[in-house]
Amino acid sequence: MSHQELAEGSCPHSDKMHEFRAPQNGDSRSPCPALNTLANHGYLPRDGKNIGVWGLVRALKEGYNLSTMLACLLSFGGVLLLGQLRCMSLIDLARHGLIEHNASLGHDDDVNGAEYAPTKVDKKLLHHVCAEGGKFLPGRLTLQDAARIRVKRESACGLLDGPHAEIARGEIAIAIGILGGKDAAKNGVDIGVFHNWMQHERLPADWKPDHTQGLYQTYKITKFVREHMRELRAEQPPKETVESQ
């Protein structure tokens, strides 16, 4: 698909209700590509505003086929961390130090104590992140790659505190688990698919989930990333970093 088609908002899906539409001026978006994608495809309100917790649960289930338990955990946990128990807008997720954190794989760090972190994808950073993939399987971003990337990114930006480190690991693990399909724990995700999802915040052409992403499966892959990161740090802190240049 050409960049022109992406910019014009053409959609590879036959489901018009959930066709891709690029955000318009005034729409609310977050630092989270997963939720921005759901808004761009109409699983969440397309303007990214007035989102209730049950609407978030439903969108995660319908858009990514998360289990009810995992969708509820992420949704209720998110609104509790934000302190917004009624409705939220996607931009609320950019409030620094709540859910949003430094050492993102797709966005610049919060600077000068700003209340809201950047929500636009840093294309150079994303390019460097994706270039770190394929070290274990050609053309694939595996959980092993994810662990290496997170170690290098935190080497550049500083270690995260416990809760935000867990959030960061969960973000990349869930993305690989969803986009990579039922064998993602072993085979990872196609690097091109991951890159386009992150950059354009849209679902791949003709993509449909081939499995239910559940809580236990997500726990296992997140645990794998955490333990592999620990092993890498114990061996030798990497000198090179994943950062925008």
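The structure we're discussing is the one just above.
Residues numbered from 1 in each chain as written. Predicted model: local features only at pLDDT ≥ 70, side-chain atom pairs only at ≥ 80, totals over all residues. Heavy atoms only, no water.

Turning to the overall build of the chain, a few remarks are in order. When helices and strands are counted, the chain shows 10 helices and four strands. Starting at the N terminus, the α and β elements of the chain follow one another as α-α-β-α-α-β-α-β-α-α-α-β-α-α. Every one of the 245 residues in the chain was classed for burial, and the buried ones make up 48%. Of the roughly 12200 Å² of accessible surface on the chain, 53% is carried by carbon and sulfur atoms. (Helix = DSSP H or I, 4+ residues; strand = E, 2+ residues; numbered from the N terminus. Buried < 20%, exposed > 50% of the residue type's maximum accessible area, 1.4 Å probe, protein only. Areas by Shrake-Rupley, 256 points an atom, 1.4 Å probe, with all protein chains shown as cover.)

Buried together is how nonpolar side chains tend to be arranged in soluble globular proteins. Core analysis: the biggest nonpolar cluster contains 53 residues, and Leu44, Tyr64 and Phe194 have the highest contact counts within it. For this core, the secondary structure elements donating two or more residues are helix H2 (33–40), helix H3 (53–64), helix H4 (68–82), helix H5 (123–131), helix H6 (143–157), helix H7 (162–179), helix H9 (191–200) and helix H10 (215–235). Once residues within four sequence positions are removed from consideration, Leu44 is found in contact with Leu35, Leu38, Ala39, Ile51, Gly55, Leu56, Ala59 and Leu90. (Core = buried A, V, L, I, M, F, W, Y, C linked by side-chain atoms within 4.5 Å. Contact = heavy atoms within 4.5 Å.)

What follows concerns the pattern of salt bridges. On inspection of all chains with the given rule, the structure shows nine salt bridges. For the salt bridge of Arg233 with Glu154, the shortest nitrogen-to-oxygen distance reads 2.9 Å. Note that Arg233 is positioned in helix H10 and Glu154 in helix H6, a separation of 79 residues in sequence. Since its relative accessible area comes to 31%, Arg233 is described here as partly exposed. Classification of Glu154 as buried rests on a relative accessible area of 3%. Residue Lys223 pairs with Glu227 through a salt bridge whose shortest N-O separation is 4.0 Å. Taken as a pair, Lys223 and Glu227 lie in helix H10 at a separation of four residues, close to a single helical turn. The exposure class assigned to Glu227 is partly exposed, which follows from its relative accessible area of 33%. Residues joined by salt bridges that share partners form a network here, namely Glu132, Arg148 and Lys152. (Salt bridge = Lys/Arg side-chain N within 4 Å of Asp/Glu carboxyl O.)

Turning our eyes to something else, we now look at the environment of Lys220. Note that Lys220 resides in helix H10. Taking relative accessible area as the criterion, Lys220 reaches 43% and is therefore assigned partly exposed.

Take H5 next. Of all the residues in H5, the buried ones are Leu125, Leu126, Val129 and Cys130. Angularly, the buried residues of H5 cover 130° about the axis, an arc narrow enough to put them on a single face. In H5, the exposed residues that point more than 90 degrees away from the buried face are Lys123, Lys124 and His127. Buried positions along H5 lie against H6 and H9. The backbone nitrogen of Lys124 lies 3.1 Å from a side-chain oxygen of the residue at the head of H5, namely Asp122. (Arc of directions from axis to C-beta. Polar contact = N/O pair within 3.5 Å; in protein donor to acceptor, adjacent residues only side chain to side chain.)

This part takes up the packing of H3 against H4. H4 packs onto H3 with a crossing angle of 140° between their chain directions and a minimal axis gap of 9 Å. Between H3 and H4, the crossing angle belongs to the class labelled oblique. Crossing of H3 over H4 shows right-handed handedness. Of the residues in H4, those touching H3 at Val53, Trp54, Leu56, Val57, Leu60 and Lys61 are Thr68, Ala71, Cys72, Leu74, Ser75, Phe76 and Val79. Split into classes, the residues belonging to the contact of H3 with H4 amount to 10 nonpolar, two polar and one charged. (Axes fitted to C-alpha atoms, helices over the stretch in contact; angles between N-to-C directions. Parallel < 35°, antiparallel > 145°, perpendicular 65-115°, else oblique. Left-handed = near helix turned anticlockwise from the far one by under 90°. Nonpolar A, V, L, I, M, F, W, Y, C, P; charged D, E, K, R; others polar.)

What follows is about the packing of H7 against H9. Contact pair H7 / H9: the axes reach a minimum separation of 11 Å and the direction vectors enclose 120°. The crossing of H7 and H9 is right-handed. Contact residues: Ile172, Ala175 and Leu179 in H7; Val193, Phe194 and Trp197 in H9. For the contact of H7 with H9, the class distribution of residues is six nonpolar, no polar and no charged.

A cluster of nonpolar side chains, namely Met69, Leu73 and Leu215, defines an oily patch on the protein surface of about 290 Å² accessible area. Judged by its relative accessible area of 57%, Met69 is exposed. (Patch = residues over 30% accessible without salt bridge, like charges linked within 9 Å, V, L, I, M, F, W, Y side chains within 5 Å.)

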